[in-house]
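Architecture at a glance
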Amino acid sequence: MSSTNSPAEKYSGFTTEERAAMKEHAQEQKNTAARRGASKAEKEAAAEQDVLAKIAEMPDADRVLAERIHEIVKAAAPGLAPKLWYGMPAYARDGKVVCHFQSAEKFKSRYATLGFSDQAALDDGAMWPTTFALKELTAADEQLVSALVKKAVG
């Protein structure tokens, strides 16, 4: 028998950050279930407050980016509903996430990201980007994000 470790033997489980994201997702599901009796407007308002509270908790650099992304998405695609998704601000259509903001701090990355799901209509040939690194947002970057979000919702 070989003494080299197979990839399965090297697997040490989920990272601390991954476990935290899963716990946040479970809590999000509980919060959603607890709001079942509320009106649609009340649910949407509560979900947006959850997103704004999560943004407010972020370190300054991530918070500034997340606040601006939130404003851009709301202006470019008012039909998308803010919600938390694995502890990240996300924007959904009919309950399905179209795009989300991931802070650099979330998984100890060197930059934040704006990601788009397969629900986003960004198709461009056989290959196209779905995640964008963010270190800052210039006026030109903001215009690009707005255009991407508008394209994503069709």
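Higher on the page you've got the structure.
Turning next to the pattern of salt bridges. In the structure shown here, the tally under the stated rule is 10 salt bridges. For Glu57, the salt bridge is made with Lys54, and the minimal N-O distance between the two is 3.5 Å. Here Glu57 pairs with Lys54, and both are found in helix H3 (residues 40–57), just 3 residues apart, close to one helical turn. On the basis of relative accessibility, which here comes to 58%, the residue Glu57 falls in the exposed class. Classification of Lys54 as buried rests on a relative accessible area of 17%. Taken together, the salt bridges that share partners define one network made up of Glu24, Lys54, Glu57 and Lys106.

Moving on, we come to the pairing of strand E3 (residues 96–102). In the case of a regular strand, side chains alternate between the two sheet surfaces. Of all 7 residues making up E3, 6 are buried, and the element is well covered by its neighbours. Of the pairings in the sheet, the one linking strand E2 (residues 88–93) to E3 comprises 4 bridges and is antiparallel in character. Bridging across to E3, Ala90 finds its partner in His100. Between E2 and E3, which pair antiparallel in sequence order, lie 2 residues; one of them, Asp94, sits at a positive phi of approximately 55 degrees.

Spatial ordering of the open sheet is given by E1-E2-E3-E4-E5, a layout of 5 strands whose pairing is antiparallel. In this open sheet, the two strands that pair with only one neighbour each are strand E1 (81–85) and strand E5 (131–134). On average, adjacent strands in this sheet sit at an angle of 25 degrees to one another, irrespective of strand direction. Examined bridge by bridge, strand E4 (residues 112–116) and E5 share 4 bridges and lie antiparallel to one another. Bridge pairing in E5 links Gly115 to Thr131. Relative to E3, helix H4 (residues 60–76) is tilted by about 150 degrees, and along the sheet it contacts E1, E2, E3, E4 and E5. Docked against the sheet, helix H5 (residues 139–152) engages E2, E3, E4 and E5, running at close to 25 degrees with respect to E4.

Helix-helix packing is described using two parameters, namely the angle between the two axes and the distance between the axes. Contact geometry for H4 and H5: axes closest at 9 Å, N-to-C directions at 45 degrees. Considering the angle they form, H4 stands oblique to H5. Once H4 is placed against H5, the crossing between them reads as right-handed. Across the interface between the two elements, Arg68, Ile69, Ile72, Val73 and Ala76 from H4 touch Glu142, Val145, Ser146, Val149 and Lys150 from H5. When the residues that make up the contact of H4 with H5 are grouped by side-chain class, the tally is 6 nonpolar, 1 polar and 3 charged.

Conventions we followed
- Residues numbered from 1 in each chain as written.
- Predicted model: local features only at pLDDT ≥ 70, side-chain atom pairs only at ≥ 80, totals over all residues.
- Heavy atoms only, no water.
- Salt bridge = Lys/Arg side-chain N within 4 Å of Asp/Glu carboxyl O.
- Helix = DSSP H or I, 4+ residues; strand = E, 2+ residues; numbered from the N terminus.
- Buried < 20%, exposed > 50% of the residue type's maximum accessible area, 1.4 Å probe, protein only.
- Pairing = 2+ DSSP bridges.
- Axes fitted to C-alpha atoms, helices over the stretch in contact; angles between N-to-C directions.
- Contact = heavy atoms within 4.5 Å.
- Parallel < 35°, antiparallel > 145°, perpendicular 65-115°, else oblique.
- Left-handed = near helix turned anticlockwise from the far one by under 90°.
- Nonpolar A, V, L, I, M, F, W, Y, C, P; charged D, E, K, R; others polar.

Shape is all these values report; function is a separate question.
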